Structure formats: structure tokens, C-alpha cells
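One-letter residues, chain by chain:
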Amino acid sequence: MSDALGPGDLVLCVNAAPNHVTGRPVPLVAGETYRVLGVMEFGCPCGRSDALLDVGVDFAWCQTRFRLLPKPKSQSLTRRVLAPKEKETAR
């Protein structure tokens, strides 16, 4: 999964269980989105992932806690251009 992630990507927190290494409660909220600030190519001590994610909350988190959200598709908007009306002069 670390190959698909990069800085700036949006991820969804799917697991806000206590830290699986230390057992302490985590400040992450399940169901909230976070922006990835950095990907550290370092194996998580739990052995379930090959990279840790920095999402700006506390320190680095195992990437198994997150799911990558799809990038938003660009939408083209059609806009009407109003041209000035030509006036006929009556003499």
C-alpha cells in the first residue's frame, strides 16, 4: 500500500483501536479523513505493514489503520457568457 500513498493524499481512518504496540489510546477518530504529510518506509513493529504514515496527529501510524480515498475528479463547468446587446440608433 505504501507505493500507492504519497504526501497530500487523503486517507480514511478505519481503525481507532488502542495502539497495537504500546496499548495506549490513540487520538485518531474512526471515520474521519486525514491528509498524509509523509510516508516513512519503515516496517511497523506489529509486522502488518511496510510503512508508517504521518498524518499530523501525534507521531507515525501503521498504514493498516487507513484506507486510501480516491482522488476527486475534476469537473468542467459550462458558463454562459453574456455579450452586450447592440442598440440600433434611430435618427
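Refer to the preceding data block for the structure.
These remarks concern the structure in this document.

Scoring rules and cut-offs
Residues numbered from 1 in each chain as written. Predicted model: local features only at pLDDT ≥ 70, side-chain atom pairs only at ≥ 80, totals over all residues. Heavy atoms only, no water. Helix = DSSP H or I, 4+ residues; strand = E, 2+ residues; numbered from the N terminus. Buried < 20%, exposed > 50% of the residue type's maximum accessible area, 1.4 Å probe, protein only. Polar contact = N/O pair within 3.5 Å; in protein donor to acceptor, adjacent residues only side chain to side chain. Pairing = 2+ DSSP bridges. Axes fitted to C-alpha atoms, helices over the stretch in contact; angles between N-to-C directions. Disulfide = S-S within 2.5 Å. Phe/Tyr/Trp six-rings, centres within 6.5 Å; stacked < 30°, edge-to-face > 60°. Core = buried A, V, L, I, M, F, W, Y, C linked by side-chain atoms within 4.5 Å. Contact = heavy atoms within 4.5 Å.

1. Focus: the side chain of Gln 63
And then number 1: Looking at where Gln 63 falls in the secondary structure, it is placed in the loop between β5 (60-62) and β6 (66-68).
And then number 2: By relative accessible area, which is 5% here, Gln 63 ends up buried.
And then number 3: At 2.9 Å, the side chain of Gln 63 and the side chain of Asp 50 are in polar contact.

2. Concerning the sheet that holds β5
And then number 1: In spatial order, the strands read β3-β4-β5; together these three strands make up an open sheet with antiparallel pairing. Every other strand in the sheet has two partners, leaving β3 (38-40) and β5 as the edge strands with one partner each. This sheet shows a mean twist of 35° between the axes of neighbouring strands, independent of strand direction.
And then number 2: When strand β4 (residues 52-54) meets β5, the two strands line up antiparallel, connected through three bridges. What sits directly across from Leu 52, in β5, is Cys 62.

3. Considering the state of the cysteines
And then number 1: Here the structure, examined in full by the defined rule, presents zero disulfides.
And then number 2: In this structure Cys 13 is not part of a disulfide, and its nearest cysteine sulfur, from Cys 62, lies 11 Å away.
And then number 3: Taking relative accessible area as the criterion, Cys 62 reaches 3% and is therefore assigned buried.

4. Details of the packing of aromatic side chains
And then number 1: Scanning the entire structure with this criterion turns up one aromatic pair.
And then number 2: Consider the rings of Tyr 34 and Phe 66, whose centres lie 6.2 Å apart with planes at 80°: the pair is edge-to-face. Of the two residues, Tyr 34 sits in strand β2 (residues 33-35) while Phe 66 sits in strand β6, which places them 32 residues apart along the sequence. Residues Tyr 34 and Phe 66 agree in their burial class; the two are buried.

5. Examining the nonpolar core
And then number 1: If you look at the biggest cluster of nonpolar residues, it comprises 11 residues: Leu 5, Val 11, Cys 13, Val 26, Leu 28, Tyr 34, Val 36, Leu 53, Val 55, Trp 61 and Phe 66.
And then number 2: Those residues within four positions of Val 11 in sequence are excluded, and the remaining contacts are Leu 5, Glu 32, Thr 33, Tyr 34, Val 36, Val 55, Phe 66, Arg 67, Leu 68 and Leu 69.

6. Here's the deal with the side chain of Arg 65
And then number 1: Looking at the element boundaries, Arg 65 is found in the loop between β5 and β6.
And then number 2: A polar side-chain atom of Arg 65 sits 2.9 Å from the main-chain carbonyl oxygen of Asn 15.

Remember that the coordinates give geometry; whether it matters functionally is a separate question.
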